[in-house]
Amino acid sequence: MCKGLAALPATCLKSAKDMKHRLGFLLQKSDSCDYGSSQGKKEKISSSQRVSQEEVRKWAESLENLIHHDRGLAAFRAFLKSEYSEENIEFWVSCEDYKKTKSPAKLSPKARKIYDEFISVQATKEVNLDSCTREKTSHNMLEPTLSCFDEAQRKIFTLMEKDSYRRFLKSSYYLDLVSPPAAGCGPENCKRSHTHTLDCNSNIISQCA
């Protein structure tokens, strides 16, 4: 042992050793977390790439093809959220779920929840309906049936089809999926593609939760 260290009290040497062990543990933990994070991102990217190019191109054929595919719906939903107009697709999805209700006793409370959230004048996510459709839907709330939102749902579907769907097909949310960067792409293009891929996959996971 060198003279400098030998001259130090035993308690100082012990403290130095303890500090060394702690630093080593923290560095190992940091490496482990970085590896786990990296692996998670790779798994998400790999998972999202399972959608074939043929399937993605079908999304451009019709809005129906797009929103009846889980990953297509997630991508479209993410796009609408970026435009602050996700209430339209949320209403459409809620109506689809409502029509699957099997218990008659659950129809009325579920219908009221959808109405209060998307259609009433005080709705927190009010959708854009004409006064006639809104009035008819309000009347349907007196005796809710599985088809009480059908007309309103059709109106919103048509609105999305003529407006936001067309913008979606021209956006990076779709173009990055239908035309992914080649293996030799620049870092900026790769980064942008991976960012949208991860965002899309996160919405899908929340949908399936």
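Scoring rules and cut-offs
- Residues numbered from 1 in each chain as written.
- Predicted model: local features only at pLDDT ≥ 70, side-chain atom pairs only at ≥ 80, totals over all residues.
- Heavy atoms only, no water.
- Phe/Tyr/Trp six-rings, centres within 6.5 Å; stacked < 30°, edge-to-face > 60°.
- Buried < 20%, exposed > 50% of the residue type's maximum accessible area, 1.4 Å probe, protein only.
- Axes fitted to C-alpha atoms, helices over the stretch in contact; angles between N-to-C directions.
- Helix = DSSP H or I, 4+ residues; strand = E, 2+ residues; numbered from the N terminus.
- Parallel < 35°, antiparallel > 145°, perpendicular 65-115°, else oblique.
- Left-handed = near helix turned anticlockwise from the far one by under 90°.
- Contact = heavy atoms within 4.5 Å.
- Nonpolar A, V, L, I, M, F, W, Y, C, P; charged D, E, K, R; others polar.
- Expected span 1.5 Å × (residues − 1).
- Core = buried A, V, L, I, M, F, W, Y, C linked by side-chain atoms within 4.5 Å.

The next thing to look at is the packing of aromatic side chains. What the rule picks out here adds up to 7 aromatic pairs. Seen from their ring centres, Phe-168 and Tyr-174 are 5.7 Å apart, and the 50 degrees between their planes marks the pair as tilted. Overall, Phe-168 belongs to the buried group, its relative accessible area being 0%. Assessed through its relative accessible area of 5%, Tyr-174 is described here as buried. Aromatic ring contacts, followed pair by pair, group Phe-76, Phe-79, Phe-168, Tyr-173 and Tyr-174 into a single cluster.

Taken N-terminus to C-terminus, the directions of helix H6 (residues 87-98) and helix H9 (residues 150-162) make an angle of 140 degrees; their axes are 10 Å apart at the nearest point. Relative to H9, H6 is oriented oblique. Crossing of H6 over H9 shows left-handed handedness. Seen from H6, the contacting residues are Asn-88, Ile-89, Phe-91, Trp-92, Cys-95 and Glu-96; seen from H9, they are Ala-152, Gln-153, Ile-156, Phe-157, Leu-159 and Met-160. Along the lines of polarity and charge, the residues of the contact of H6 with H9 split into 9 nonpolar, 2 polar and 1 charged.

Once that is clear, we can look at helix H5 (residues 70-82). Relative to the 18 Å expected for 13 residues at 1.5 Å per residue, H5 spans 19 Å between its end C-alpha atoms, a close match to the ideal helical length. Extensive coverage of H5 is indicated by the burial of 10 of its 13 residues. Turning to H5, its buried residues number three or more, namely Arg-71, Gly-72, Leu-73, Ala-74, Ala-75, Phe-76, Arg-77, Ala-78, Phe-79 and Leu-80. Looking one or two residues past H5, Tyr-84 carries a phi angle of roughly 60 degrees, positive in sign.

On to unusual backbone geometry, then. Despite not being glycine, Tyr-84 shows a phi value in the positive range, around 60 degrees. Of note, Tyr-84 is situated in the loop between H5 and H6.

Positionally, Thr-137 belongs in helix H8 (residues 131-140). Apart from residues lying up to four places away in sequence, Thr-137 is in contact with Ile-119, Cys-148, Phe-149 and Ala-152.

Right, let's get into the packing of H5 against H6. Look at H5 against H6: their axes get within 8 Å of each other, and the N-to-C directions meet at 145 degrees. Facing Leu-73, Phe-76, Arg-77 and Leu-80 of H5, the residues of H6 in contact are Ile-89, Glu-90 and Val-93. Within the contact of H5 with H6, the residues separate by chemical class into 5 nonpolar, no polar and 2 charged.

Within the secondary structure, Glu-126 sits in the loop between helix H7 (104-119) and H8. Take Glu-126: its relative accessible area is 37%, and that puts it in the partly exposed class. In the structure, Glu-126 is positioned 35 residues away from Phe-91 in sequence and 9.1 Å away in space, judged by C-alpha atoms.

What follows deals with the nonpolar core. Judged by nonpolar contacts, the single largest core of 35 residues is most densely connected at Ile-67, Phe-76, Phe-91 and Phe-149. When residues of this core are traced back to their parent elements, those giving at least two are helix H4 (63-67), H5, H6, H7, H9, helix H10 (164-170) and helix H11 (172-178). Per element, the largest residue contribution to this core is 6 residues, and it comes from H7. Not counting the four nearest positions on each side in its chain, Phe-91 is found in contact with Ile-114, Phe-118, Ile-119, Val-127, Phe-149, Ala-152, Gln-153 and Ile-156.

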